[in-house]
There are 2 protein chains.
Amino acid sequence: MHYSRDNMPGLLRSHDINPTHQRIEIAYALFSRMEHLSADQVMALVNVYHSETSKATVYNTLNLFLQKGLIREVIVDPNKVFYDPNTRPHHHLYDVESGHLTDVDAQDIHISGLPPLPKGTALEGIDLIVRVRKAG
Amino acid sequence: MHYSRDNMPGLLRSHDINPTHQRIEIAYALFSRMEHLSADQVMALVNVYHSETSKATVYNTLNLFLQKGLIREVIVDPNKVFYDPNTRPHHHLYDVESGHLTDVDAQDIHISGLPPLPKGTALEGIDLIVRVRKAG
DNA sequence: TCTAGAACCTGGACTTTGTCTAATTTCGCG
DNA sequence: CGCGAAATTAGACAAAGTCCAGGTTCTAGA
Ligand SMILES: [Mn+2]
Ligand SMILES: [Mn+2]
Ligand SMILES: [Zn+2]
Ligand SMILES: [Zn+2]
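A brief report on the enclosed structure follows. (Residues numbered from 1 in each chain as written. Chains lettered and ligands numbered in written order. Predicted model: local features only at pLDDT ≥ 70, side-chain atom pairs only at ≥ 80, totals over all residues. Heavy atoms only, no water.)

The environment of DNA strand C is made up of 20 residues, and the closest members are A:Lys55, A:Asn79, B:Thr20, B:Glu52 and B:Thr57. The protein-proximal atoms of DNA strand C, defined as those within 4 Å of the protein, are 74% sugar or phosphate. Side-chain polar atom of A:Lys55 to a base oxygen of DNA strand C: 2.7 Å apart, as the coordinates give it. B:Glu52 places a main-chain nitrogen or oxygen 2.6 Å from a phosphate oxygen of DNA strand C. Among the secondary structure elements, those contributing two or more residues to the surface near DNA strand C are helix H3 (39-46), helix H4 (55-67) and strand E3 (80-84) of chain A together with helix H2 (21-33) and helix H4 (55-67) of chain B. (Near = heavy atom within 4 Å. Polar contact = N/O pair within 3.5 Å; in protein donor to acceptor, adjacent residues only side chain to side chain. Helix = DSSP H or I, 4+ residues; strand = E, 2+ residues; numbered from the N terminus.)

Structure representation (C-alpha cells):
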C-alpha cells in the first residue's frame, strides 16, 4: 500500500509527530515509494527541485520517526543504515554487490531452536538477513 | 578452542597469508580471546605496551583476513563492524545496550519457509541476529 | 655476501556518515 | 498581533575507515 502526500499529516499525527513541512516531505519520500532508503537518499529526494531541508533536519527527523515507531532501521551494510517504512514483522534479502534490499514476509518463515534469552534481558527483535550475490 | 601465539604462523600460512610480525599480533589478539572485536579494539590490544602497529595496517590486515576466510565480519551495530574469529556456521545474540555480542550455535537452529533466491543470484550467507536489551 | 625487486608497513591526508550547537525561523495560541 | 515553545539551519566537529607516497623489510639470485 502506497501513500499520497495528503496522507502524510494524518500518518504523522497518528504516531504523535507534529506534521511540519520538512517532516511531511521526508515521510512522503519514504511512504510514497515504500522502499528502503539511506539518509543520503532521503536528503537527495527531498531536495530535488530546490534545497529546502538541511542535513541536520534529515537526521533529526529520521531518528524521531524511528523513536516514534513510524519507521524502522535495517543494519546490513557496514557503511550506512537503511530506513524502512515497512514496520510489519518481516525479514530482508540483501544483494551485497548491488546494495539492493528487499523484504521477505515473516509470515512464511519459521525459526526454531533458539536458545532461551539470558536472564534479565527482553527480546528487542529478531533480524534475519539473507545475503546473496550475482551467481558466477 | 583458544590458540597460543606459537600457533599463529601456521594458522596464517594455512590460509595462504604470509605471517609477518604485525599479522601475527593481530591474529593473536583475535584467536587468543576468541571474541568479537572491533578494529578499534584490535588496534588497542596490539599496542598495549608500545605502539607498534599503525591504523592502516590494522584495517588492511583485518580485510586481508576477511578475504582469505580466516575471520568473518558481523554487522549488527550501525557504528562499527565486529570481526569474528569463529568461522563455523553460527548466529548472534546482540545486547543493543551494552554492545555485547555472543555466539549462538547454528546446529540447533532451523529456519524454514525461506523464499527461493532470485534468478541469477547465489547464497552468500544467512545472518540471524537476536537483539535483546535489559528487561524493565 | 651483496643487491634488486617485491612485499609490507607507515603517517597523515582525505572521505563518509553522522552528531552537536548556537542562532534563527516558524508555529500554536491567547 | 505578540509571546514562548518547537523546529530548522549552517557549519563545526567526531568516528570509522580508505588511500597514497615514501620508507622498511624480506627474499631470491648472482
Ligand atoms: Mn548525507
Ligand atoms: Mn564506516
Ligand atoms: Zn524492509
Ligand atoms: Zn560470532
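Picking up where we left off.
Attention now goes to the relation of the copies chain A and chain B. When chain A is fitted onto chain B, the two copies agree to an RMSD of 0.1 Å after a turn of 180° and an axial shift of 0.0 Å. The operation mapping one copy onto its partner corresponds to a two-fold rotation axis. Both copies present the same face, since 100% of the interface residues in chain A are matched by interface residues at the equivalent positions in chain B. (Least-squares fit on C-alpha atoms with pLDDT ≥ 70 in both. Contact = heavy atoms within 4.5 Å.)

Attention shifts here to the interface of chain A and chain B. On the side of chain B, 33 residues touch chain A, which itself brings 33 residues to the contact. Here chain A meets chain B over a buried area of about 3000 Å², counting both sides, of which 63% is carbon and sulfur. Counting the surface chain A buries against chain B, the share from its top three residues, A:Ile75, A:Glu124 and A:Arg131, is 20%. Summed over the shared surface of chain A and chain B, the number is four salt bridges. Measuring nitrogen to oxygen at the nearest pair gives 2.9 Å for the salt bridge that ties B:Arg131 to A:Asp127. When contributions to the side of chain A that touches chain B are tallied by element, the ones reaching two or more residues are strand E2 (72-77), strand E6 (110-112) and strand E7 (121-134) of chain A. Among the elements that take part in the side of chain A that touches chain B, E7(A) stands out by supplying 14 residues, more than any other. For the side of chain A that touches chain B, the residue count by class is 20 nonpolar, six polar and seven charged. Looking at chain direction, E6(A) and strand E6 (residues 110-112) of chain B are connected through three bridges and run antiparallel. Bridge pairing links A:Ser112 to B:His110 in E6(B). (Buried area = accessible area lost by both parts, 1.4 Å probe. Salt bridge = Lys/Arg side-chain N within 4 Å of Asp/Glu carboxyl O. Nonpolar A, V, L, I, M, F, W, Y, C, P; charged D, E, K, R; others polar. Pairing = 2+ DSSP bridges.)

Another aspect to go through is the sheet that holds strand E7 (residues 121-134) of chain B. One key point about sheets: their strands pair by backbone hydrogen bonds, in either a parallel or an antiparallel sense. The sheet built from six strands is open, its strands ordered E5(A)-E4(A)-E7(A)-E7(B)-E4(B)-E5(B) with mixed pairing. At either margin of the open sheet sits one strand with a lone partner, and together these are strand E5 (101-105) of chain A together with strand E5 (101-105) of chain B. Shown here is a sheet whose adjacent strand axes are inclined to one another by a mean of 30°, direction ignored. (Axes fitted to C-alpha atoms, helices over the stretch in contact; angles between N-to-C directions.)

Moving on, we come to the coordination of the zinc ion (ligand 4). Residue and element names in this part refer to chain B. For the zinc ion (ligand 4), the full set of protein donor atoms is His36 (NE2), Asp84 (OD), His90 (NE2), His92 (NE2) and Asp103 (OD), at a range of 1.9 to 2.2 Å. All donors of the zinc ion (ligand 4) belong to a single chain; written as a sequence motif, their spacing is H-x47-D-x5-H-x1-H-x10-D. In this pair, His90 is assigned in strand E4 (residues 90-95) and Asp103 in strand E5, connecting sequence segments 13 residues apart. For His90, a relative accessible area of 5% gives the class buried. For Asp103, a relative accessible area of 35% gives the class partly exposed. (Donors = N, O, S within 2.8 Å, 3.2 Å for Na, K, Ca; no water. Buried < 20%, exposed > 50% of the residue type's maximum accessible area, 1.4 Å probe, protein only.)

Take the protein's contact with DNA strand D next. Neighbouring DNA strand D are 19 residues; A:Thr20, A:Glu52, A:Thr57, B:Lys55 and B:Val81 lie closest to it. The sugar-phosphate backbone supplies 74% of the atoms of DNA strand D found within 4 Å of the protein. A:Gln22 is positioned with one of its side-chain polar atoms (N or O) 2.9 Å from a sugar or linking oxygen of DNA strand D. A:Ser54 has a polar backbone atom sitting 2.9 Å from a phosphate oxygen of DNA strand D. The element that contributes the greatest number of residues to the surface near DNA strand D is H4(B), accounting for four residues. Each residue belonging to the surface near DNA strand D can be placed in one class, and the counts come to five nonpolar, eight polar and six charged.

Taken by themselves, the reported measurements are silent on function.
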